[in-house]
Amino acid sequence: MSSNVSANCTPFGDNLSCDFIACPPFPDDPQKCQIIIAVKRGVASFSLFGCLFMIFTIWLFKKYSVFSHRLILYLTIAAFMDSIAYLMGELHPDGPLCDFQAFWLTYFDWVVLLWVLAVTTNLFLTIVTSIRSEKHEWMYHMVSWIVPLGISLLPFMNDHYGPAGAWCWIKHGDTAWRFGIWYIPLFVLIFLLLIVYSYIIYKIKKQVRSWQGMYDPDMEANKRNLSENVKPLIGYPLVYLFLSLFPLINRIQNAVNPQADFALMILHVISSPLQGAANAVVFGLDKETMSRLRPHQIRMALRNRFCGQRTVIAEYASFESPMLNVSADKGSSHLSSISSLDPSTSLIWQPSPQAAGVPRA
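Since this is a predicted model, take the numbers as computed values, not measurements. (Residues numbered from 1 in each chain as written. Predicted model: local features only at pLDDT ≥ 70, side-chain atom pairs only at ≥ 80, totals over all residues. Heavy atoms only, no water.)

The number of helices and strands found in the protein chain is 13 helices and eight strands. Relative to its full complement of 361 residues, the protein chain shows a buried share of 42%. Put simply, the protein chain shows about 19,100 Å² of open surface, and 65% of that area lies on carbon and sulfur atoms. (Helix = DSSP H or I, 4+ residues; strand = E, 2+ residues; numbered from the N terminus. Buried < 20%, exposed > 50% of the residue type's maximum accessible area, 1.4 Å probe, protein only. Areas by Shrake-Rupley, 256 points an atom, 1.4 Å probe, with all protein chains shown as cover.)

The following block contains the structure:
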């Protein structure tokens, strides 16, 4: 998290004379900051489009009706807003615009982190305790949207937001605030995520082994629960943990050595804004999602969304049962033509006049 402008001001008569430093991390090579900003904005743009793809797909196929996919939707909205924060990176001097950018970034970085924790909590409750946390959905919202607001407002006290190297965040000299507001909580929560996530993986593997070669209605219900509520979520905390690696390494390097490392900063600005794009990859690799992302499925879903469902009243020619045992060639050919209808079409079957014993006029 960080603008590329700082100022050294010295008294000059009754005024202050300020020399703006174009690139505080690399004052002798300002071009490096331009490269960092360009990379950050490029990655953030990919994330923005990835988030839009996920939101559109969830809306199009009404996946939000399932709680696990609603959690994915909330995480995606948070990542979308976070991507906007990274797109805002510019050479701002200390002032209201820089403070707003820093506040926005702090708030949505925290929102993304807490929705990742919400996903992990739901996984833990579902797999380890067999508790469905859907009824507590409102609590996830309270924690994930309101707690970050309080945290991100704190640096406004005594003006701790400002230029911080490659974008606006906590000012460069306020190391205690940087670690107190973000890095210490992040280190602790990532450590807990690793422990909980490892245990979740262990429990899933143990459950899958216990199901092999056996059939039981309760076991089948557990399999469906695993497929519907666990598998779609399992990749997102892992993605967050992986993308947090290089920013953590970079900040540790910053704390040990004041001289910025250009390679680490590039890896940092690739990783931090990448959450939305990486989530989109995980989302697209889900088998159920992949099965729907086909041209005819998308056309059907769009038709359903914008045109509503069509209802066709069809005749069956001579059936002992309306859905079985076609006994007339005409009925067979008629059924064949109907079977080619759009699968989203609703069919209402009624007997033809001959089948009902009524002669045609």
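With that settled, consider the state of the cysteines. The tally for this structure, following the rule as stated, stands at one disulfide. Between the sulfur atoms of Cys 98 and its disulfide mate Cys 168 the distance is 1.9 Å. In this structure, the disulfide formed by Cys 98 and Cys 168 twists by about -115° around the S-S bond and is classed as left-handed. Note that Cys 98 is positioned in helix H3 (residues 96-127) and Cys 168 in strand S4 (residues 168-170), a separation of 70 residues in sequence. Assessed through its relative accessible area of 0%, Cys 168 is described here as buried. (Disulfide = S-S within 2.5 Å.)

Counted under the stated rule, the structure contains 18 aromatic pairs. Ring centres of Trp 104 and Phe 108 lie 5.2 Å apart, and the angle between their planes is 50°; on these two criteria the pair is classed as tilted. Placement of the pair is Trp 104 and Phe 108 together in helix H3, with a separation of four residues, close to one helical turn. Taking 4.8 Å as the distance between ring centres and 80° as the angle between the ring planes, the aromatic pair formed by Tyr 107 and Phe 108 counts as edge-to-face. Just as Tyr 107 is buried, Phe 108 falls in that class too. (Phe/Tyr/Trp six-rings, centres within 6.5 Å; stacked < 30°, edge-to-face > 60°.)

A few words on the side chain of Thr 106. The residue Thr 106 is located in helix H3 in this model. Since its relative accessible area comes to 1%, Thr 106 is described here as buried. Here the side chain of Thr 106 touches Tyr 161 through a polar contact of 3.5 Å, side chain to side chain. (Polar contact = N/O pair within 3.5 Å; in protein donor to acceptor, adjacent residues only side chain to side chain.)

Attention shifts here to the environment of His 141. Assignment of secondary structure puts His 141 in helix H4 (residues 137-153). A residue is classified by how much of its surface remains accessible, and His 141, at 25% relative accessible area, is partly exposed. Residues His 141 and Tyr 74, 67 residues apart in the sequence, show an inter-C-alpha distance of 8.9 Å. Excluding residues within four positions of it along the chain, His 141 makes contact with Tyr 74, Trp 115 and Ile 146. (Contact = heavy atoms within 4.5 Å.)

As a further point, take a nonpolar patch on the surface. On the surface, Trp 138, Met 139, Met 142, Val 143, Ile 146 and Val 147 cluster together into a nonpolar patch covering about 570 Å² of accessible area. Looking at the element boundaries, Trp 138 is found in helix H4. The exposure class assigned to Trp 138 is exposed, which follows from its relative accessible area of 55%. (Patch = residues over 30% accessible without salt bridge, like charges linked within 9 Å, V, L, I, M, F, W, Y side chains within 5 Å. Salt bridge = Lys/Arg side-chain N within 4 Å of Asp/Glu carboxyl O.)

Attention shifts here to the pattern of salt bridges. With the rule as written, the count across this model stands at three salt bridges. For Glu 137, the salt bridge identified is with Arg 70, shortest N-O distance 2.9 Å. Residue Glu 137 is found in helix H4, and its partner Arg 70 is found in helix H2 (residues 67-87); the two are separated by 67 residues along the sequence. According to the relative accessible area criterion, Glu 137 is buried, its value standing at 14%. One salt bridge in this structure joins Asp 159 and Lys 171, with 3.0 Å as the shortest N-O distance. Taken together, the residues Asp 159 in the loop between H4 and strand S3 (161-163) and Lys 171 in the loop between S4 and helix H5 (175-211) connect sequence positions twelve residues apart. On the basis of relative accessibility, which here comes to 21%, the residue Lys 171 falls in the partly exposed class.

A word on the packing of helix H1 (residues 31-60) against helix H10 (residues 275-285). Between H1 and H10, the least distance of the axes is 6 Å, while the angle of their chain directions is 40°. Our classification of the angle between H1 and H10 gives oblique. Crossing of H1 against H10: the hand is left-handed. Counted together, Phe 46, Ser 47, Gly 50, Cys 51, Phe 53, Met 54, Thr 57 and Ile 58 of H1 and Gln 275, Gly 276, Ala 277, Asn 279, Ala 280 and Phe 283 of H10 form the full contact between these two elements. (Axes fitted to C-alpha atoms, helices over the stretch in contact; angles between N-to-C directions. Parallel < 35°, antiparallel > 145°, perpendicular 65-115°, else oblique. Left-handed = near helix turned anticlockwise from the far one by under 90°.)

As for its placement among the helices and strands, Met 300 is situated in helix H12 (residues 295-307). Linking Met 300 and Phe 61, residues 239 residues apart in sequence, is a C-alpha distance of 9.9 Å.

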